[in-house]
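# Structural overview
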Amino acid sequence: MKLVGIAALLLALPGLASAQELTGTLKKIKETGVITLGHRESSVPFSYIDNNAKVVGYAMEICGKIVDAVKTDLKMEKLDVRLLPVTSSTRIPLIANGTIDLECGSTTNNAERQKQVAYTNTHFLTASAFVSKKAKNLMKIEDLKGKTVVSTAGTTNMKQLVEANAAKNLGMTVLPAKDHAAAFLLVELDRADAFVMDDILLASLVASSKDPAAYQLSAEAFSLPEPYGIMLRKDDAPFKALADKTTSALYKSPEGAALFKKWFQSPIPPNGINLNVPMNAMLKKMLEKPTDSADPAAY
Amino acid sequence: MNYNWNWGIFWEMNPEGSGTYLTLLLMGLRWTLATAALAAIIALTFGAIVGVIRTLPARWAVLAGDAWVEFFRNIPLLVQLFLWYFVVPELLPKAAGLWLKTLPNSSFWTGAIGIGLFMSSRVAEQVKAGIRSLPRGQAMAGTALGLTTAQTYRYVILPMAFRIILPPLTSELLNTVKNTSVALTIGLMELTARTRAMQEYSFQVFEAFTAATLIYLALNASLTFLMRRLEKAVAVPGYVAGK
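Calculation rules
- Residues numbered from 1 in each chain as written.
- Chains lettered and ligands numbered in written order.
- Predicted model: local features only at pLDDT ≥ 70, side-chain atom pairs only at ≥ 80, totals over all residues.
- Heavy atoms only, no water.
- Helix = DSSP H or I, 4+ residues; strand = E, 2+ residues; numbered from the N terminus.
- Buried < 20%, exposed > 50% of the residue type's maximum accessible area, 1.4 Å probe, protein only.
- Areas by Shrake-Rupley, 256 points an atom, 1.4 Å probe, with all protein chains shown as cover.
- Lys, Arg positive; Asp, Glu negative; His and termini not counted.
- Charge placed at Lys NZ, Arg CZ, Asp CG, Glu CD.
- Phe/Tyr/Trp six-rings, centres within 6.5 Å; stacked < 30°, edge-to-face > 60°.
- Lys NZ or Arg CZ within 6 Å of the ring centre and 35° of its normal.
- Domains from an automatic or database assignment.
- Contact = heavy atoms within 4.5 Å.
- Buried area = accessible area lost by both parts, 1.4 Å probe.
- Polar contact = N/O pair within 3.5 Å; in protein donor to acceptor, adjacent residues only side chain to side chain.
- Nonpolar A, V, L, I, M, F, W, Y, C, P; charged D, E, K, R; others polar.
- Salt bridge = Lys/Arg side-chain N within 4 Å of Asp/Glu carboxyl O.
- Pairing = 2+ DSSP bridges.
- Right-handed = clockwise from strand over helix to strand, strands pointing away.
- Core = buried A, V, L, I, M, F, W, Y, C linked by side-chain atoms within 4.5 Å.

### Here's the deal with the overall build of chain B
- Of regular secondary structure, chain B possesses 10 helices and 0 strands.
- Going residue by residue from the N terminus, the α and β elements of chain B occur as α-α-α-α-α-α-α-α-α-α.
- On the principal axes, the C-alpha backbone points of chain B span a range of 70 × 50 × 30 Å.
- Here chain B holds 243 residues, and the buried ones make up 46% of them.
- If you sum the accessible surface of chain B, you get close to 12100 Å²; carbon and sulfur atoms cover 70% of it.
- Each charge class in chain B was averaged separately, 19 positive and 11 negative side chains, and the resulting centres sit 14 Å apart.

Structure representation (structure tokens):
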């Protein structure tokens, strides 16, 4: 990682960059005068649509900084920013075929996925936990013995749930759901006892539910916290170097902590809910020593 | 395009621990087949009954049949599955609703029945068209021979009507197979859902969807082939659908 970091720094030196022939995404942006950001529609608080039909969120602000940096670096007077909504099914093809240049959302960065796409510095860390109704009194993974548990189909959380079920011999009935909203609905309607997902997404689902006081998050997690990153095209070193340099400077500055406070510890649109996510040691380290590592142990 | 092709992905282990990625897709295919089979049986049964009802002389029967067809035909399949899965259990008495919610494989039963009833409206429409396409003289001849209405349908009208509508019924069968993919929205892990899971796990989206495309294509091509054979086998020489 260090070597990559040094290489990235070298490439990002302004004199060097402008002297070089532009390639990849930067060349495309310079030629077309347009940068396209992929965003999510309901990934609170990372990237979502607020009550004014505007795309907002923590990841969107970070992407905004990268856009500014691109504009300065390419010495462009005007840079058109286009927004395109993406889903978990469309984000990879749209990155690969050049429709979007950055995916600003809550995409987990792991080694498997790095074969296909690249990520800039991690902007959040989340562990797999579960939510259930308080009345059911489920706090630990052991408590799920014999229960019906739902997770979103095709997520790493589902994989961890299936593994824990087999390893601890819990005899759970595992239900797949199409998306987070559908999975949460199953818990709300008592079709499932618990929903296993990234803890931050669970917190935002609970906060925006009809009766937030009726739910609780588990005390125990299924995994080490995994990193979220902004996704960009693979094998595009100059663009990645610029994005890394920008995000790294942002996270280390007081602005990084302020941004975190704004989206995770203050009331956010559309309903003015406060997610109250504490800044733990790992998140602190993530901001102090930015890295794009996919390895949870690196944090 | 900046994409890392990896066709060997199908022989790599999937993270669910159920074997390779190919196994994952084939597990999905099994659910697709089971759902399509049950849905097709339901569609054919109810479609035939409702289609016949709509051609009966009794006015109330025609109205009831029309209502069935309009209800199931005019609401999008996606919405119907949501209604069956999320709304109906809430409308039932609490105990019955809870039983329905905790039923094993409830998304399979809900999906198959929902798709079956949706398709039954289309089958009914074709059965009706098949019956109407026969010359009115055939039913009259039946009456003249002293057959009851039931006997006329059983021995005169339906054998010809079903032969006539076999080709469009084939299309409906293929539609039933394709519509099973909508059941992924209520959590049925059929072929499309498995394909999406594969792309989430591996990020090899084009390989996953290419495989799904080929599997659907092969499945529906074989069904078409079998239905053609059936058409030939039951053809009446020298008459409408025959040669």
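### Remarks on the packing of aromatic side chains
- Counted under the stated rule, the structure contains 25 aromatic pairs over all chains.
- Ring geometry for B:Tyr3 versus B:Trp5: centroids 4.8 Å apart, planes at 70°, classification edge-to-face.
- Linked through ring pairs, A:Phe46, A:Tyr58, A:Phe124, A:Tyr228, A:Phe260 and A:Phe264 together constitute an aromatic cluster.
- Directly above the ring of B:Tyr85 sits A:Arg191, whose terminal nitrogen or CZ lies 3.7 Å from the centroid.

### Looking at the domain arrangement of chain A
Residues and elements named next belong to chain A.
- For chain A, the domain assignment lists domain 1 (2-125 + 225-298) and domain 2 (128-217).
- Measuring from the centre of the C-alpha atoms in domain 1 to the corresponding centre in domain 2 gives 29 Å.
- If you look at the interface, domain 1 gives 13 residues, while domain 2 gives 9 residues.
- With both chains or domains summed, domain 1 and domain 2 bury close to 840 Å², and 59% of this area falls on carbon and sulfur atoms.
- Taken together, the connections running from domain 1 to domain 2 amount to 2 residue pairs in polar contact (both at pLDDT 80 or more).
- Here the residues of the side of domain 1 that touches domain 2 are counted per class, giving 9 nonpolar, 3 polar and 1 charged.

### A short note on the interface of chain B and chain A
- Counting residues at the interface gives 28 residues for chain B and 32 residues for chain A.
- Note on chain B versus chain A: buried area summed over both sides is about 2800 Å², and carbon and sulfur give 56% of it.
- Its largest share of buried area at the contact with chain A, chain B owes to B:Asn2, B:Glu200 and B:Phe203, together 26% of the area lost on that side.
- Counting every contact that joins chain B to chain A gives 2 salt bridges.
- Ionic pairing is found between A:Arg113 and B:Glu200, a salt bridge with its closest N-O pair at 4.0 Å.
- Taken together, the connections running from chain B to chain A amount to 11 residue pairs in polar contact (both at pLDDT 80 or more).

### Section: the pairing of strand E10 (residues 148-152) of chain A
Residues and elements named next belong to chain A.
- Counting buried positions along E10 yields 5 of 5 residues, so the element is predominantly enclosed.
- Both faces of E10 are covered, namely the face carrying Thr148, Val150 and Thr152 and the face carrying Val149 and Ser151.
- Note: E10 against strand E11 (residues 173-177), 5 bridges, orientation parallel. Directly across from Ser151, in E11, lies its bridge partner Pro176.
- In this fold, E10 hands off to helix H6 (residues 156-167), which returns the chain to E11; that crossover is right-handed.
- Strand direction decides the pairing type here: E10 and strand E12 (residues 194-198), joined by 3 bridges, are parallel. Bridge pairing in E12 places Val149 opposite Ala194.

### Observations concerning the side chain of A:Asp193
Residues and elements named next belong to chain A.
- Residue placement: Asp193 occurs in the loop between helix H7 (180-188) and E12.
- Within the local environment of Asp193, its side chain forms a polar contact with the side chain of Lys136, the two groups lying 3.1 Å apart.
- When sequence neighbours within four positions are dropped, the list of residues in contact with Asp193 reads Val131, Ser132, Lys133, Lys136, Leu138, Lys147, Thr148 and Val187.

### Comments concerning the environment of A:Gln114
Residues and elements named next belong to chain A.
- You can see Gln114 is positioned in the loop between strand E6 (102-108) and strand E7 (118-119).
- Looking at Gln114, the relative accessible area reads 30%, which means it is partly exposed.
- Gln114 sits 119 residues away from Arg233 along the chain, and the two C-alpha atoms are 10.0 Å apart.
- Excluding anything up to four places from it in sequence, Gln114 contacts Asn109, Tyr119, Lys234, Asp292 and Ala294.

### Details of the pattern of salt bridges
- This model, assessed by the stated rule, comprises 23 salt bridges over all chains.
- One salt bridge in this structure joins A:Arg91 and B:Glu200, with 3.3 Å as the shortest N-O distance. Of the two residues, A:Arg91 sits in helix H5 (residues 91-96) while B:Glu200 sits in helix H9 (residues 191-202), which places them in two different chains. Grouping residues by exposure puts A:Arg91 and B:Glu200 together as buried.
- The residue A:Lys168 makes a salt bridge to A:Glu220 at a minimum N-O spacing of 3.9 Å.

### Regarding the nonpolar core
- Judged by nonpolar contacts, the single largest core of 93 residues is most densely connected at A:Tyr58 and A:Phe195.
- Of all the elements, helix H4 (residues 58-73) of chain A adds the most residues to this core, at 9 residues.
- Two domains each provide a minimum of three residues to this core, namely domain 1 (2-125 + 225-298) and domain 2 (128-217) of chain A.
- Those residues in contact with A:Phe195 that sit more than four places away from it in its chain are A:Ala129, A:Phe130, A:Val131, A:Val150, A:Ser151, A:Thr152, A:His180, A:Ala183, A:Phe184, A:Val187, A:Leu202 and A:Leu205.
- Formed by 33 residues, the second largest nonpolar core is a distinct cluster that contains A:Leu138, B:Leu24, B:Met189 and B:Leu191.

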